[in-house]
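So you can see what is in the structure, the chains are spelled out below.
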Amino acid sequence: MQNEWPLWEIFIRGQHGLSHRHVGSLHAPDAETAVRNARDVYTRRSEGVSIWVVEAAQITASDPDAKEAMFEPAEDKVYRHPTFYDIPDDAGHM
Amino acid sequence: MSGNTNASLFEFLLRQGDNTLVLGQRLSEWCGHGPVLEEDIALANIALDLVGQTQLWLALACEVEGTGRSADDLAMLRDVWDFRNLLLVEQPNRDFGMTILRQFLFDQWHLLQLHALAESSEDRVAAIATKAEREVRYHVERSSEAVIALGDGTEESHGRMQGALDRLTPYIGEMFEADAVDAALVRDGVAPEPARLKPAYDSAVAAVLSEATLSMPSVPVAQTGGRSGKRHTEHLGHMLTQMQWLQRAYPGAEW
């Protein structure tokens, strides 16, 4: 629809979160309004300390139909996981 | 505190609490009817901020009055003539533009007033004002941007916003009116002289209206009578019948 506001994807960093996470999407006429709307729609229960908005049309996504070629080849390459190393206790949580 | 000072403080607290109560109730009428989901939630959030502030102001009013009435009693069991809100906030929602413009005219004043009250000599007043100011800073940002977007929007939205401004401008003057209650509060350092806020209000409002391509009509006489309780508009009574019906029909009912 021509008259509809563009869709924005909303990313929020929580109180103790290290990175912004995708929480949902909403409509807004411009980026600043999208931030304010995100504040009202997604942080009313103290969910966040920082908001990013990205116009959905600006996101390039992988093709769901190409899933097999994109992701399956990694499945049988277990040697890529660092599970074959003994981690010294001193190294702590990795 | 002398009895007279107490009575003035009580009256002042009613004015504070009734402004936020009546406007909060008006905004909550939009819940589920907003033009888009995002605005619907935003208006409900602001309504809840205002009702939350009401609880603080009216609870303090009861404490000052000291007769055992509760904030709920004041909100739900008083009739029109005992309300002390500005006439502006009891005006009906009408369309979204009118709602936003009413909000804008109130928010700009509310922020200036709370900012001054944060320095009040009465600690309990200063504490409520400090908390409320943070919320209202956001209200101002939101309503100002909306006024600009709609005023400087389409021919249709511009016309509606100018119509709303023409209709609501007569209610601005009451914000800066002063009576004996105000004089007592100013003397004690509890609240600022209302007229002192006017220059900052006029310039803040003018800046937004100019960006919104709206023009303030000249109004010969301000509509007053709400904060003094002398004469409310016909709209407040209708609003109270909705807001208070449950306590009236089922006295003492609780969750």
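Look above for the structure.
Just so we're clear, the structure is a prediction, and the values are computed from it rather than from any experiment. (Residues numbered from 1 in each chain as written. Chains lettered and ligands numbered in written order. Predicted model: local features only at pLDDT ≥ 70, side-chain atom pairs only at ≥ 80, totals over all residues. Heavy atoms only, no water.)

Draft legend 1. Structural context of the overall build of chain A. Regarding its fold elements, chain A presents 2 helices and 3 strands. Listed N to C, the secondary structure of chain A is β-β-α-β-α in terms of helices and strands. Split into buried and exposed, the 94 residues of chain A put 21% on the buried side. If you take every contact in chain A between residues at least 6 apart in sequence, the share linking residues at least 24 apart comes to 43%. Surface summary for chain A: the accessible area is close to 7,600 Å², and the carbon and sulfur share equals 52%. (Helix = DSSP H or I, 4+ residues; strand = E, 2+ residues; numbered from the N terminus. Buried < 20%, exposed > 50% of the residue type's maximum accessible area, 1.4 Å probe, protein only. Contact = heavy atoms within 4.5 Å. Areas by Shrake-Rupley, 256 points an atom, 1.4 Å probe, with all protein chains shown as cover.)

Draft legend 2. Focus on a nonpolar patch on the surface. A cluster of nonpolar side chains, namely Val78(A), Tyr79(A) and Phe84(A), defines an oily patch on the protein surface of about 370 Å² accessible area. Note on placement: Phe84(A) falls in the segment after α2 (67–71). (Patch = residues over 30% accessible without salt bridge, like charges linked within 9 Å, V, L, I, M, F, W, Y side chains within 5 Å. Salt bridge = Lys/Arg side-chain N within 4 Å of Asp/Glu carboxyl O.)

Draft legend 3. Quick peek at helix α9 (residues 198–211) of chain B. Residues and elements named next belong to chain B. If you check α9, its first and last C-alpha atoms are 20 Å apart, about what 14 residues at 1.5 Å a residue would give, namely 20 Å. Those residues of α9 that fall on the buried side of the exposure criterion are Tyr201, Val205, Val208 and Leu209. Looking straight down α9, one finds its buried side chains confined to an arc of 100 degrees; they lie on one side. α9 presents Pro199 and Ser210 as exposed residues on the side facing more than 90 degrees away from its buried surface. On its buried face, α9 is in contact with α5 (96–117), α6 (123–151) and α7 (155–168). (Expected span 1.5 Å × (residues − 1). Arc of directions from axis to C-beta.)

Draft legend 4. Focus on the pairing of strand β1 (residues 7–13) of chain A. Residue and element names in this part refer to chain A. Of all 7 residues that make up β1, 5 are buried, and the element is covered over most of its length. In terms of strand pairing, β1 meets strand β2 (residues 21–27) through 6 bridges, oriented antiparallel. Residue Ile12 lies in a different strand from β2, and its bridge partner there is Arg21. (Pairing = 2+ DSSP bridges.)

Draft legend 5. Representation of the interface of chain A and chain B within the structure. Opposite the 9 residues of chain A that make contact, chain B presents 12 residues. For Arg142(B), the salt bridge identified is with Asp40(A), shortest N-O distance 2.7 Å. Where chain A touches chain B, the interface holds 7 residue pairs in polar contact (both at pLDDT 80 or more). Those elements giving two or more residues to the side of chain A that touches chain B turn out to be β2 and α1 (31–42) of chain A. Of the residues forming the side of chain A that touches chain B, the biggest block, 5 residues, is contributed by α1(A). Split by residue class, the side of chain A that touches chain B holds 3 nonpolar, 2 polar and 4 charged. (Polar contact = N/O pair within 3.5 Å; in protein donor to acceptor, adjacent residues only side chain to side chain. Nonpolar A, V, L, I, M, F, W, Y, C, P; charged D, E, K, R; others polar.)

Draft legend 6. View of the environment of Arg84(B). Residues and elements named next belong to chain B. Looking at where Arg84 falls in the secondary structure, it is placed in the loop between α3 (71–77) and α4 (87–90). Apart from residues no more than four positions distant in its own chain, Arg84 is found in contact with Glu11, Leu14, Arg15, Asp18, Gly226, Arg227, Ser228, Gly229 and His232. For Arg84, the side chain forms a polar contact with the side chain of Glu11, separated by 2.6 Å.

Draft legend 7. Examining the packing of α6(B) against α7(B) more closely. All names here are of chain B. Closest axis-to-axis distance for the α6/α7 pair is 7 Å, and the angle between their directions is 125 degrees. Comparing their axes, α7 and α6 come out oblique. For the pair α6 and α7, contact is made by Val147, Leu150 and Gly151 and by Ser157, His158 and Met161, respectively. Taken together, the residues that form the contact of α6 with α7 break down as 3 nonpolar, 3 polar and no charged. (Axes fitted to C-alpha atoms, helices over the stretch in contact; angles between N-to-C directions. Parallel < 35°, antiparallel > 145°, perpendicular 65-115°, else oblique.)

Draft legend 8. Geometry of helix α2 (residues 37–65) of chain B. The end-to-end C-alpha distance of α2(B), which contains 29 residues, comes to 41 Å, matching closely the 42 Å that a straight helix rising 1.5 Å per residue would cover. One or two steps after α2(B), the chain reaches Gly66(B), where phi turns positive at roughly 70 degrees.

Draft legend 9. Focus on the packing of aromatic side chains. Residues and elements named next belong to chain B. As enumerated under the stated definition, the model contains 5 aromatic pairs over all chains in all. Relative to Trp109, the ring of Phe106 has its centre 5.7 Å away and its plane inclined at 50 degrees; by these criteria the two rings are tilted. Taken together, the residues span about one helical turn, with Phe106 and Trp109 both in helix α5 at a distance of 3 residues. Here Phe106 and Trp109 have matching classes, each one buried. Lying over the aromatic face of Phe176, Lys198 brings its terminal NZ or CZ to 5.8 Å of the ring centre. (Phe/Tyr/Trp six-rings, centres within 6.5 Å; stacked < 30°, edge-to-face > 60°. Lys NZ or Arg CZ within 6 Å of the ring centre and 35° of its normal.)

Draft legend 10. The side chain of Ser144(B), seen in detail. Position of Ser144(B) among the secondary structure elements: in helix α6. For Ser144(B), the side chain forms a polar contact with the side chain of Gln108(B), separated by 3.1 Å.

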